[in-house]
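Results of the structural survey
So you can see what is in the structure, the chains are spelled out below.
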Amino acid sequence: MSGRPSLSGRPSLGGSTSRRSSVHSSATATTDPRPIADKEFRAAAIRNLITFLLENGYNHVLSKKLLDAPPNKDFIRIFQFLYGKIDPNYVFNDKIEDDIPVLFKMLKYPYTINKSALFACSSQHNWPKLLAALSWLIELITYLQHVDMSRYMFANSEDDFESEGVNENEVFFDYITKAYAAFLAGEDDLGGHEEELAQSFNVRKEMISQEIVKLQDEQKALMAALKEFEGPSPLEVLEQKKRDLATDISKFKDLIAQLNGHETKLQARYDQCAAEKAQREAELAQAQLERSRLEDVFNKQDLTQADVERINTARRLLDEQMAAVSQRKQEIDQRAWKQEIVLSKKMEELEVHVQTFNKLAEELQLAPAGAKNAPAGASLAL
């Protein structure tokens with residue numbers, strides 16, 4: 001049977017051998033820099049080879065003595081076992097000696113493996129080279145066992161649709177791999193694989209549809225947020241409020257100055273009314289003293305009818321004057337009371353305005369004297 005490399009690959013090792021060229025150098029060196037003829041190097045390589053084969057289930061006779069100079073058939077068994085770790089579906093030729101150099105070259109082994117060396121593997125000239133090649137092959141297998149090659153073969157692009165699912169190239173490659181493997185196995189009906197591919201793309205289509213809806217919602221939210229920023233900025237709003245408050249402060253200062261002037265006038269008027277009241281009270285007291293004196297004189301004198309009439313007339317005049325003075329006093333008291341009420345209300349209004357002014361001055365940091373916007377060496381607090 002002729003050799004036919006498999007495209008199915010090994011899932012745990014990241015696919016077929018034809019995709020491994022990025023891992024190894026494509027240059028072919030003429031001289032191996034490794035000390036392959038050194039006994040210690042060969043002993044270490046044999047130990048590593050035995051350990052790897054035993055750990056991975058090699059079920060043929062194996063010993064250090066055998067690997068010091070292995071027969072051709074043992075070398076071929078070991079190579080087939082190792083290569084099966086890379087591509088378990090590979091079918092070797094009847095003349096495997098024809099396949100081995102080609103496979104090493106395909107794996108980008110940097111040194112040439114001659115076909116003639118495979119007919120005398122145990123010779124002192126050929127075995128060190130073949131042992132070094134097997135050591136390199138073990139390193140390659142170990143690397144592939146610990147690296148997910150699909151991360152490099154199907155690395156997601158910047159497409160957000162692939163960030164949460166399988167790359168569409170990986171889906172299609174998986175379909176081709178399975179379909180070709182089925183074809184190699186002699187299957188003619190690939191409908192099941194096609195249905196699986198269609199289902200995979202339908203799932204991906206649904207994911208993309210959901211992502212589109214999500215992006216549309218995000219776009220609406222961003223557009224709404226953008227409209228909110230089309231108006232005045234918060235800084236502009238605050239600056240306008242600051243200007244309005246500064247204007248209000250100026251108006252309050254003018255109003256306070258007017259109220260202070262009005263308070264001065266009311267106080268002067270109040271003082272005038274108080275002085276006038278005191279004067280009227282003094283005049284009333286003087287009139288009462290005069291009346292008492294006259295009554296005393298009257299009681300001590302013998303009066304004629306004419307004196308009585310004269311006294312009564314004078315008394316009536318005094319009573320009228322006293323009534324007038326009392327009326328005047330009541331009017332003055334009433335006016336003074338009203339002025340006191342007006343003054344009290346004005347004082348209350350003035351206190352409210354002063355409190356409002358001080359509050360605005362503190363909000364704008366114009367007061368107290370140490371505030372941020374307060375005039376140097378002064379305080380606007382009232």
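A few points on the structure. (Residues numbered from 1 in each chain as written. Predicted model: local features only at pLDDT ≥ 70, side-chain atom pairs only at ≥ 80, totals over all residues. Heavy atoms only, no water.)

**Let's talk about the overall build of the chain**
Going by this rule: Numbering goes from the N terminus for both helices and strands, where a helix is a DSSP run of H or I of at least four residues and a strand is a run of E of at least two. Only protein chains enter the calculation, and the probe is 1.4 Å; a residue is then buried if its accessible area is under 20% of its type maximum, exposed if over 50%, and partly exposed in between. Note on contacts: a residue pair is in contact if any heavy atoms of the two residues lie within 4.5 Å.
Counting secondary structure elements, the chain contains ten helices and zero strands. Counting helices and strands in the order they occur from the N terminus, the chain gives α-α-α-α-α-α-α-α-α-α. Counting the 382 residues in the chain, one finds 26% classified as buried. For the chain, long-range pairs separated by at least 24 residues make up 67% of all intrachain contacts whose partners lie at least 6 apart in sequence.

**Here we look at a negative patch on the surface**
Formally: What makes a patch is a set of residues exposed beyond 30% relative accessible area and free of salt bridges, joined within 9 Å when like-charged and within 5 Å when nonpolar (Val, Leu, Ile, Met, Phe, Trp, Tyr). For accessible areas, the Shrake-Rupley method is used with a probe of radius 1.4 Å. Any residue's cover is judged against the shown protein chains and nothing else. Salt bridge, as applied in this entry: a Lys or Arg side-chain nitrogen positioned within 4 Å of an Asp or Glu carboxyl oxygen. When charges are tallied, Lys and Arg are placed among the positive residues and Asp and Glu among the negative ones, while His and the ends of the chain are skipped. For charged residues, the charge sits on one atom: NZ in Lys, CZ in Arg, CG in Asp, CD in Glu.
Together, E187, D188, D189, E194 and E195 give the surface a local cluster of negative charge. Given a relative accessible area of 60%, E195 falls into the exposed group.

**What about the nonpolar core?**
The condition is simple: Working definition of a nonpolar core: buried Ala, Val, Leu, Ile, Met, Phe, Trp, Tyr and Cys residues. They are joined through side-chain atoms within 4.5 Å.
Ranked by internal contacts, the top residues of the largest apolar core, which has 41 residues, are L49, F75, F79, L82 and L137. Only α1 (39–55), α3 (72–86), α4 (96–106) and α5 (127–146) provide two or more residues apiece to this core. Once residues within four sequence positions are removed from consideration, F79 is found in contact with F92, I100, L103, F104, L134 and L137.

**A word on the packing of aromatic side chains**
Defined as follows: Under the pairing criterion, centres of Phe, Tyr and Trp rings, with the six-membered ring standing for Trp, must be within 6.5 Å; the plane angle then separates stacked pairs below 30 degrees from edge-to-face pairs above 60, leaving the rest tilted.
On inspection of all chains with the given rule, the structure shows eleven aromatic pairs. Ring geometry for F79 and Y83: centres 6.0 Å apart, planes at 15°, overall stacked. Here Y83 and F79 lie together in helix α3, a separation of four residues that amounts to about one turn. Neither residue differs from the other here; F79 and Y83 are each classed as buried. Taking the centre distance of 5.3 Å and the plane angle of 55° together, the rings of F104 and Y109 count as tilted.

**Brief notes about the packing of α3 against α5**
Test applied: Where helices are involved, their axes are fitted lines through C-alpha atoms of the stretch in contact, as for all axes, and angles between N-to-C directions lie from 0 to 180°. Angles below 35 degrees are treated as roughly parallel, those above 145 as roughly antiparallel, those between 65 and 115 as roughly perpendicular, and all remaining angles as oblique. Here a crossing is taken to be left-handed if its near helix is turned anticlockwise relative to the far helix by less than a right angle, and right-handed if that turn runs clockwise. Residues are grouped as follows: nonpolar covers Ala, Val, Leu, Ile, Met, Phe, Trp, Tyr, Cys and Pro; charged covers Asp, Glu, Lys and Arg; every other residue, Gly included, is treated as polar.
The N-to-C vectors of α3 and α5 enclose an angle of 20°; their axes lie 10 Å apart at closest approach. On the basis of their axis angle, the class for α3 and α5 is roughly parallel. As α3 runs across α5, the sense of the crossing is left-handed. Only W127, L130, L134, L137, I138, L140, I141 and L144 of α5 make contact with α3, whose side of the interface consists of F75, I78, F79, L82, K85 and I86. Broken down by class, the residue content of the contact of α3 with α5 amounts to 13 nonpolar, no polar and one charged.

**What to know about α1**
Selection criterion: Given a helix with a known number of residues, its expected span is that number minus one, times 1.5 Å. The arc in question is the one traced by the directions running from the helix axis out to the C-beta atoms. The term polar contact refers here to a pair of N or O atoms within 3.5 Å; inside protein, the definition further demands a hydrogen-donor-capable atom paired with an acceptor-capable atom, and it admits residues adjacent in sequence only when both atoms are side-chain atoms.
Compared with an ideal rise of 1.5 Å per residue, which puts 17 residues at 24 Å, α1 spans 24 Å between its outermost C-alpha atoms and is within 8% of the ideal. Along α1, the residues classified as buried are R42, A45, I46, L49, I50, F52 and L53. Viewed along the axis of α1, the buried residues span an arc of 165°, placing them on a single side of the element. When the buried face of α1 is taken as reference, the exposed residues oriented beyond 90 degrees from it are E40, N48, L54 and E55. Here the buried face of α1 lies against α2 (64–68), α3 and α5. The N-cap of α1, judged by a side-chain oxygen 3.1 Å from the amide nitrogen of E40 a few residues on, is D38. The first or second residue beyond α1 is G57, which carries a positive phi of 90°.

**Let's talk about the environment of T142**
Here T142 shows up in helix α5. Residue classification places T142 among the partly exposed positions, given a relative accessible area of 31%. Taking the C-alpha atoms as reference points, T142 and F52, 90 residues apart in sequence, are found 9.2 Å from one another.

**So, the side chain of E97**
With respect to the secondary-structure elements, E97 resides in helix α4. Although E97 lies buried, it forms no salt bridge, and the closest oppositely charged side chain, K115, sits 7.0 Å away as judged by the N-O distance. With sequence-adjacent residues up to four places away left out, E97 is seen in contact with I76, K115, L118 and F119.

**Description of the packing of α3 against α4**
At a minimum axis separation of 12 Å, α3 and α4 run at an interaxial angle of 45°. Relative to α4, α3 is oriented oblique. Once α3 is placed against α4, the crossing between them reads as left-handed. In this structure, α3 contributes F75, I76, F79, Q80 and Y83 to the contact, and α4 contributes I96, E97, I100, L103, F104 and M106. Classifying every residue of the contact of α3 with α4 gives nine nonpolar, one polar and one charged.

**Quick word on the pattern of salt bridges**
The full count for this structure, using the stated rule, is eleven salt bridges. Salt-bridge contacts for R280 lead to E283; the nearest nitrogen and oxygen are separated by 3.1 Å. Of this pair, R280 and E283 are both found in helix α9 (residues 234–300), three residues apart, which corresponds to roughly one turn of the helix. Judged by relative accessible area, R280 falls into the partly exposed class, the value being 25%.

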